Amino acid sequence: MLVYSLYLKAGDNIVMQKTALSVEEIRQDFPILKRKVGVGGSKTLVYLDNAATTQKPYAVINAMNEYYSNYNANIHRAVHQLGEEATFAYEQTREKVAKFINARSTDEIIFTRNATEAINLVAYSWGRRNIKRADTIVLTEMEHHSNIVPWQILSREKKSKICYLGVDDQGYLKMRDYERALEKEAVRLVSVSEMSNVLGTILPLKEIITRAHEDNVPVFVDAAQSVPHLPVDVQRTDCDFLAFSAHKMLGPTGVGVLYVKKEILEEMPPFIGGGDMIKEVHQQNVIYNDLPYRFEGGTQNIAGVVGFSAALDYLAAIGMDRVRNHELDLTRYALSALSDLKDVIIYGPKNFRDRGGVISFNIADIHPHDLATIMNEHGIAIRSGHHCAQVLMERLDVAATSRASFYIYNTQEEIDLFADALLDARRIFRI
Amino acid sequence: MSDDIYREIILDHYRNPRNKGRLTDPDVTIHDSNPLCGDEIDMHLKVEEDKIKDIKFEGRGCAISQASASMLTEMVLNKPLSMVKNLAKEDILENIGLTNLGPARIKCALLSLKVLKMSMVKYYTDKDPKSAGDFRDEAVKY
Ligand SMILES: Cc1ncc(COP(=O)(O)O)c(C=O)c1O
């Protein structure tokens, strides 16, 4: 079939190019990395805001272009050739996603707009049916707002409770809090992010899930920061729900994934009603579609899913173990560069092996926004603020932090430039 | 460029803010924050004979927002309310010497002016609804 061969052409290329993780070669695949920024366009972009969103390789941009140029059509209902091709590409991506996270079946993979929508889907559909008055939902102090607000909305409606597991001074989860919560409260759900987008802390997920399952409590994993950076295997951890966003892993914006164990998904009521999620509609009743289509109401982001497919190929060709190792190298290097500087506070685990490629820090009395302004002039994109984690900011007792976060195309030279810019910030602030 | 922004005077007002603190018996107190970056400002005002008799601010945030608040309090202390009414954003930016801030940072520089105008809305709400309305139109611009 035409799409398949188009598709493989792009994919083949990638596989051949990526037999070794050569960062210089990888960088050639990302047009934006040639971009000049800063005063008068005098600096080459140093992009260290990957926890917010990553850049896109040609393979992804081209795949979307290809879809719109050659086989743009709505999926699932068309008999014509373009419709078949588009459906094939869309459904093939579902297979790739299932393989990427080692799901048992494509029935367990639902496309959403982003991780946030995936969490909301579960809170609305599963949550409204299963969470009752006085039940407890267990979260952690490290959660992103998107893994807090949907549960608060649900809890307000159901009069259920939310219990936050604490973070210790080294940035690790207090596992004692977990044990206590499971013993004392009527816990109905545990929802945790596998990797903190602020501290970088990687949670002992297997241990958390095994313990919850002893009490028959299901576990939701916010994998927005882990699937892009670590090997993830839903069968190994045995998580019940898992959510992530394509745009944080080389893919386009507007595509997210929700994984749900099939036996749970089968019992879940629909989320968004409309076309495509039904089998039959009559005046007073409907018969819903099979899994996973029942949860994909309305026309989906087909171009985005097609682009995501190329992103998955790209990462799979590199191998997530190598992605992880590259980020470990960069994180170790950056942690050591930062600790060489005076007046720097680094948040999160000191041991680089316990964290992902995310470093939040503060330096002297320079406010993160001022630091980001100075960095920007050096052509360096970092993030500053509360990182959508105000509960954690309160716990750390800071209003804001600066954050540098890495991906496959970042280099040690870029971290050197980043460290130089920090010195310049000290000079500008006369420290 | 950064050297132009973070001049001595800005850093001085950031590290040694003037009129920082609270008033024991303020006529108006108003709080606002910049949701984008979390800068926060509280303004406390004492008004007498249509003049700002006393003003103090509390806040936390970046050098630009805090220095700008500090400089604004100096600018309006003992001045008539009509002067506050006529204050435009250009006046503030000129006063702090930052006329070429980008769109993201300009909000930091203008947060204190917004809070000051909101204080005037509150002050006038019962006394003079028309003036309150005028200040409200001003405050929503920032
Ligand atoms: C840990 C974590 N969860 C959830 C999200 C939300 O992702 P999205 O905005 O793509 O839904 C993010 C993104 O910043 C994140 O870092």
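Residues numbered from 1 in each chain as written. Chains lettered and ligands numbered in written order. Predicted model: local features only at pLDDT ≥ 70, side-chain atom pairs only at ≥ 80, totals over all residues. Heavy atoms only, no water.

Participant: Lay out the overall build of chain A with the relevant residues and their values.
Facilitator: Of regular secondary structure, chain A possesses 15 helices and 17 strands. Projecting the C-alpha coordinates of chain A onto the three principal axes gives extents of approximately 75 × 55 × 35 Å. Within chain A, buried positions represent 58% of all 431 residues. Sequence separation of at least 24 residues holds for 72% of the intrachain contacts in chain A that already meet a minimum separation of 6. Summed over its atoms, the accessible surface of chain A is roughly 17500 Å², and 50% of this surface lies on carbon and sulfur atoms. For chain A, the separation between the mean place of its 48 positive charges and that of its 55 negative charges on side chains is 3 Å. (Helix = DSSP H or I, 4+ residues; strand = E, 2+ residues; numbered from the N terminus. Buried < 20%, exposed > 50% of the residue type's maximum accessible area, 1.4 Å probe, protein only. Contact = heavy atoms within 4.5 Å. Areas by Shrake-Rupley, 256 points an atom, 1.4 Å probe, with all protein chains shown as cover. Lys, Arg positive; Asp, Glu negative; His and termini not counted. Charge placed at Lys NZ, Arg CZ, Asp CG, Glu CD.)

Participant: Quick one: what's the story with the site of the ligand, residue by residue and with numbers?
Facilitator: Every residue lining the ligand is accounted for by Asn114(A), Ala115(A), Thr116(A), His144(A), Ser146(A), Asn197(A), Asp222(A), Ala224(A), Gln225(A), Ser245(A), His247(A) and Lys248(A). Ser245(A) is positioned with one of its side-chain polar atoms (N or O) 2.6 Å from an oxygen atom of the ligand. (Near = heavy atom within 4 Å. Polar contact = N/O pair within 3.5 Å; in protein donor to acceptor, adjacent residues only side chain to side chain.)

Participant: Let's hear about helix α8 (residues 205-214) of chain A: which residues, and what values?
Facilitator: Residues and elements named next belong to chain A. Among the residues making up α8, those that are buried are Leu205, Ile208, Ile209, Arg211 and Ala212. Down the axis of α8, the buried side of the element spans an arc of 165°, and every buried residue falls inside it. Positive phi appears at Asn216, one or two residues downstream of α8, with a value of about 60°. (Arc of directions from axis to C-beta.)

Participant: Describe a nonpolar patch on the surface, listing the residues and the values that go with them.
Facilitator: Residues and elements named next belong to chain A. Where nonpolar side chains cluster on the molecular surface, the patch consists of Val281, Val286 and Tyr288 and spans about 250 Å² of accessible area. Relative to the assigned elements, Val286 resides in strand β12 (residues 286-288). Assessed through its relative accessible area of 34%, Val286 is described here as partly exposed. (Patch = residues over 30% accessible without salt bridge, like charges linked within 9 Å, V, L, I, M, F, W, Y side chains within 5 Å. Salt bridge = Lys/Arg side-chain N within 4 Å of Asp/Glu carboxyl O.)

Participant: Any chance you could break down the packing of aromatic side chains for me, citing the residues and the numbers?
Facilitator: All told, the structure shown has 15 aromatic pairs over all chains when counted by the stated rule. The interplanar angle of 15° and the centroid separation of 5.7 Å between the aromatic rings of Phe220(A) and Phe241(A) together place this pair among those described as stacked. Here Phe220(A), found in strand β8 (residues 219-222), pairs with Phe241(A), found in strand β9 (residues 241-245); they are 21 residues apart in sequence, far enough to count as distant. Through a chain of ring-to-ring contacts, three or more aromatic side chains come together here, namely Phe30(A), Tyr314(A), Tyr407(A) and Tyr409(A). Across the ring face of Phe135(B), the terminal group of Lys85(B) is positioned such that the distance to the ring centre comes to 5.9 Å. The side chain of Lys127(B) reaches across the aromatic face of Tyr123(B), ending 4.1 Å from its centre. (Phe/Tyr/Trp six-rings, centres within 6.5 Å; stacked < 30°, edge-to-face > 60°. Lys NZ or Arg CZ within 6 Å of the ring centre and 35° of its normal.)

Participant: Which residues make up the packing of helix α11 (residues 302-318) of chain A against helix α12 (residues 320-339) of chain A, and what are the values?
Facilitator: Helices that pack against each other are described as a pair by the angle of their axes relative to one another and the distance between those axes. All names here are of chain A. Between α11 and α12, whose axes approach to 5 Å, the crossing angle comes to 75°. Considering their axes alone, α11 and α12 lie roughly perpendicular with respect to each other. Together, Leu315, Ala317 and Ile318 of α11 and Met320, Arg322 and Val323 of α12 make up the contact between the two elements. (Axes fitted to C-alpha atoms, helices over the stretch in contact; angles between N-to-C directions. Parallel < 35°, antiparallel > 145°, perpendicular 65-115°, else oblique.)

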